[in-house]
Amino acid sequence: MADVHDPAPAYVAFWRESHLSTLTTPRPDGTPHVVPVCVTYDPEAGVARVITDGGSRKVANIRAAGPGGARVAVCQIDRARWATLEGLAVIRTEPEAVADAEARHEARYGRAPRINPTRVVIEITLDRALGKV
């Protein structure tokens, strides 16, 4: 297990590479909802961020968990290398939070996200990091 605030350099490097990830959120009935996403990881803050449309099912699942947020996981894999980050997700709608997450997305993936006036940020406060990189 990696330390979410002080991971090994190889772990951070893997999260800096351009890979799609999965986000797992709990549906209101408790079953997992897994979708592909782009995610950024800020080990200094212990936070991962996903930008998405405010009307998406993943956002609805997190909101349905209540104001305290939902327990989620993001995972990326590249052949035998993999990394998972787990924590508590909340939805951020403040323009500065969205702009910051968009800039982080562009830095990691090398392209600006498409324009979306209903974009929100899924902000995950991390408490567990796993992987083999």
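Remember, it's a predicted structure, so these values are computed and weren't measured experimentally. (Residues numbered from 1 in each chain as written. Predicted model: local features only at pLDDT ≥ 70, side-chain atom pairs only at ≥ 80, totals over all residues. Heavy atoms only, no water.)

Undergrad: It is not clear to me how the environment of Arg119 should be interpreted in this structure. Could you clarify?
TA: Relative to the elements of secondary structure, Arg119 occurs in strand S7 (residues 119-132). According to the relative accessible area criterion, Arg119 is buried, its value standing at 10%. Measuring from C-alpha to C-alpha, the distance between Arg119 and Thr25 comes to 18 Å, with 94 residues separating the pair along the chain. Every residue in contact with Arg119, bar those within four places of it in the chain, is listed here: Ile51, Thr52, Asp53, Val98, Glu102, Pro113 and Arg114. There is a polar contact of 2.6 Å between the side chain of Arg119 and the backbone oxygen of Arg114. (Helix = DSSP H or I, 4+ residues; strand = E, 2+ residues; numbered from the N terminus. Buried < 20%, exposed > 50% of the residue type's maximum accessible area, 1.4 Å probe, protein only. Contact = heavy atoms within 4.5 Å. Polar contact = N/O pair within 3.5 Å; in protein donor to acceptor, adjacent residues only side chain to side chain.)

Undergrad: Even after reading the chapter, I still don't get helix H2 (residues 57-64), so can you show me in this structure?
TA: The periodicity of an α-helix, 3.6 residues per turn, causes residues three or four places apart in sequence to face the same way. If you check which residues of H2 are buried, you get Lys58, Val59, Asn61 and Ile62. One side of H2 holds all its buried residues, which, seen down the axis, span an arc of 160°. Turning to H2, the residues buried within the fold contact strand S1 (21-26), strand S2 (32-37), strand S4 (47-53), strand S5 (70-78), strand S6 (81-92) and S7. Positive backbone phi, at 105°, marks Gly66, one or two positions downstream of H2. (Arc of directions from axis to C-beta.)

Undergrad: Sorry if this is basic, but what is going on with the environment of Val120 here?
TA: Mapped onto the secondary structure, Val120 falls in strand S7. Given the relative accessible area of 5%, Val120 is considered buried. Taking C-alpha positions, Val120 is 5.1 Å from Thr93, a pair spaced 27 residues apart along the chain. Among residues more than four places away in sequence, those in contact with Val120 are Val50, Ile51, Thr52, Asp53, Gly54, Val59, Ile91, Arg92, Thr93 and Val98.

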